[in-house]
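Okay, here's what each chain looks like letter by letter:
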2 protein chains.
Amino acid sequence: MNKKSFQFTIEPWSVAYENKEYQTPIFNLLQRKMILETEEEQNEGDFYVLQAPEWVNVMPVTPNREVVLVEQYRYGIEQPTLEIPGGVVDPGEHPDDTAARELLEETGYRSDRWSSLGKVSSNPAMMDNFTHLYLATECEYEQAQRPDEHERIHVHLMPLDSFLEYVAEGTIHHSIVVAAVAKYLLKER
Amino acid sequence: MNKKSFQFTIEPWSVAYENKEYQTPIFNLLQRKMILETEEEQNEGDFYVLQAPEWVNVMPVTPNREVVLVEQYRYGIEQPTLEIPGGVVDPGEHPDDTAARELLEETGYRSDRWSSLGKVSSNPAMMDNFTHLYLATECEYEQAQRPDEHERIHVHLMPLDSFLEYVAEGTIHHSIVVAAVAKYLLKER
């Protein structure tokens, strides 16, 4: 199916102005005044948007069909999570390179066999960025992890079927990780 | 597989204090000072978290195996999107009721056949909420939409196979919508 085959029909809003309300090391909080003007109506509203760099997520699989997973403590939900590795695209970096870098930094694994699983919008209602998804097969352990300053990561190898079961029953629950699984399952069908 | 069968081993951080930095109608921006204290190390850092109510997403399927989709303009990416319906759990509302309400409000469809697809963390690194996912089958058109003030929604019926193809090739790209597809595919296997 051709991507252009779906014809969007909704009227676009336009940005009247936007203001940076707050800045963090991870994202900026913008307030956007947006306007809808059509023949039928005029409307406007204030919307809040997080401006953030692109992200990547990698589904790494070993020659034994084990998935390389990262366990870490997540400050949003104040709980540990089990996820596939990922991170932030640095300025000037290509997402393909981010993916290889994050896999190596977070897990110590590398791969020569990469394929794209496409990209997903991180949250199109309130974030401006996309997350680029990858499948890396034939992953091999190369070196010790080199996590970022606040990253404490435990690496786990898990059979692919167990990984999918943990997604199905909710132990693995990060929406972007689960989205990567959808793209993987659809690719493998 | 039992959910308790995965043993998390990572050390938990604790919140030293948190401060509400900014408030919007959709979320609060918190700054959290977090501390890690183990036998091996002491560490602390400032982290930014969006405090938001729970969300729901519904995958609605008609007796003809068509998915009921909503096309709307999304202010984060400044583009139209194609998504399954969803929304915010109101104070005191059960997510099951939110799901039925949002389906009816956004599309005019209702269903008597609901099942849970579990829940996903919206973004555990920087959001504190979860999104509850549902499958609603045998959906029937009941009444005109009643969207919220700024919602302009075009409803589309799409064969399930086309829906999955649009997810696979990226026309449908909201990470939480794609996550719902993973849960659906794993349930149907």
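Residues numbered from 1 in each chain as written. Chains lettered and ligands numbered in written order. Predicted model: local features only at pLDDT ≥ 70, side-chain atom pairs only at ≥ 80, totals over all residues. Heavy atoms only, no water.

Looking at an unreviewed UniProt entry, one finds chain A named GDP-mannose pyrophosphatase, with Fodinibius roseus as its source organism. Listed in UniProt under the heading Cofactor (unreviewed entry), the comment for chain A reads: "Mg(2+)". (UniProt positions renumbered as here; feature names shortened; annotations may be inferred.)

1. Considering unusual backbone geometry
In this model, Glu78(A) sits at a positive phi of 55°, which is unusual for a non-glycine residue. On the secondary structure map, Glu78(A) appears in the loop between β5 (66–74) and β6 (79–83). (Helix = DSSP H or I, 4+ residues; strand = E, 2+ residues; numbered from the N terminus.)

2. Things to note about the domain arrangement of chain A
Examined at the domain level, chain A breaks down into domain 1 (10–51) and domain 2 (55–188). For domain 1 of chain A and domain 2 of chain A, the distance between their C-alpha centres works out to 31 Å. (Domains from an automatic or database assignment.)

3. Considerations on the packing of aromatic side chains
The full count for this structure, using the stated rule, is 18 aromatic pairs over all chains. Both rings, one in Tyr75(A) and one in Phe47(B), keep their centres 3.6 Å apart while their planes meet at 15°; by these two values the pair is stacked. One end of the pair, Tyr75(A), is in the loop between β5 and β6; the other, Phe47(B), is in strand β3 (residues 42–51), on a second chain. For the ring pair Tyr109(A) and Tyr141(A), a centre distance of 5.4 Å and an interplane angle of 70° mean the geometry is edge-to-face. Taken as a pair, Tyr109(A) in strand β8 (residues 109–110) and Tyr141(A) in strand β11 (residues 140–141) lie far apart in primary sequence, 32 residues in all. (Phe/Tyr/Trp six-rings, centres within 6.5 Å; stacked < 30°, edge-to-face > 60°.)

4. Things to note about the interface of chain B and chain A
Chain B puts 81 residues into the contact, and the matching count from chain A is 81 residues. At the boundary of chain B with chain A, total buried surface from both sides reaches about 7600 Å², with 67% on carbon and sulfur atoms. Note that Glu41(A) is salt-bridged to Arg152(B), the shortest N-O span being 2.6 Å. Inspection of the region where chain B meets chain A yields 42 residue pairs in polar contact (both at pLDDT 80 or more). Considering each element in turn, the side of chain B that touches chain A owes the most residues, nine residues, to helix α3 (residues 175–188) of chain B. Taken together, the residues of the side of chain B that touches chain A break down into 42 nonpolar, 21 polar and 18 charged. (Contact = heavy atoms within 4.5 Å. Buried area = accessible area lost by both parts, 1.4 Å probe. Salt bridge = Lys/Arg side-chain N within 4 Å of Asp/Glu carboxyl O. Polar contact = N/O pair within 3.5 Å; in protein donor to acceptor, adjacent residues only side chain to side chain. Nonpolar A, V, L, I, M, F, W, Y, C, P; charged D, E, K, R; others polar.)

5. Some points on the relation of the copies chain B and chain A
The two chain copies are related to each other by a rotation about an axis together with a translation along it. After a rotation of 180° and a shift along the axis of 0.0 Å, chain B superposes on chain A with an RMSD of 0.0 Å. Within this description, the copies of the chain are treated as partners about a two-fold rotation axis. When you check the interface residues of chain B against chain A, 100% turn up at the interface there too, and the contact is symmetric in its surfaces. (Least-squares fit on C-alpha atoms with pLDDT ≥ 70 in both.)

6. Digging into helix α1 (residues 95–107) of chain B
Think of an α-helix as 3.6 residues a turn; residues three or four steps apart then line up on the same face. Taking 1.5 Å as the rise per residue, α1(B) with 13 residues should run 18 Å; its terminal C-alpha atoms sit 18 Å apart, in good agreement. Of the residues making up α1(B), those classed as buried are Pro95(B), Thr98(B), Ala99(B), Glu102(B), Leu103(B), Leu104(B), Glu105(B), Glu106(B) and Thr107(B). (Expected span 1.5 Å × (residues − 1). Buried < 20%, exposed > 50% of the residue type's maximum accessible area, 1.4 Å probe, protein only.)

7. Details of the nonpolar core
Ranked by size, the top nonpolar core spans 74 residues in total, and within it Phe163(A) and Phe163(B) carry the most contacts. Discounting chain neighbours no more than four positions away, the residues touching Phe163(B) are Met59(B), Val67(B), Leu69(B), Ile84(B), Met158(B), Ile172(B) and Val181(B). (Core = buried A, V, L, I, M, F, W, Y, C linked by side-chain atoms within 4.5 Å.)

8. Here we look at the side chain of Thr62(A)
Within the secondary structure, Thr62(A) sits in the loop between β4 (55–60) and β5. Apart from the residues lying within four places of it in its own chain, the contact partners of Thr62(A) are Val68(A), Tyr109(A), Glu138(A), Cys139(A) and Leu157(A).

9. Observations regarding the pairing of strand β5 (residues 66–74) of chain B
All names here are of chain B. The buried fraction of β5 is high, at eight of nine residues. Sheet topology note: the β5/strand β12 (residues 154–159) ladder contains six bridges and is antiparallel. Bridging across to β12, valine 67 finds its partner in methionine 158. In this structure, β5 lies alongside strand β6 (residues 79–83), joined through five bridges in antiparallel fashion. Residue pairing in the sheet places tyrosine 73 in a bridge with proline 80 of β6. (Pairing = 2+ DSSP bridges.)

10. Let's talk about the side chain of Asn57(A)
Residue and element names in this part refer to chain A. Along the chain, asparagine 57 falls in strand β4. Asparagine 57 sits in the buried class, given a relative accessible area of 10%. Excluding anything up to four places from it in sequence, asparagine 57 contacts Ile84, Pro85, Gly86, Thr131, His132, Leu133, Tyr134, Ile176 and Val177.

11. Considering the pairing of strand β1 (residues 14–23) of chain B
Look at any regular strand and the pattern is simple: side chains alternate between the two faces of the sheet. Both β1(B) and strand β2 (residues 28–37) of chain B contribute to a ladder of eight bridges, which runs antiparallel. Residue Gln23(B) lies in a different strand from β2(B), and its bridge partner there is Asn28(B).

12. A short note on α3(B)
Residues and elements named next belong to chain B. Taking 1.5 Å of rise per residue, the 14 residues of α3 would be expected to cover 20 Å, and the 20 Å separating its terminal C-alpha atoms lies within 8% of that figure. Burial analysis of α3 places twelve of its 14 residues in the buried class, which makes it a mostly covered element. Taken together, the buried positions of α3 are occupied by Ser175, Ile176, Val177, Val178, Ala179, Ala180, Val181, Ala182, Lys183, Tyr184, Leu185 and Leu186.

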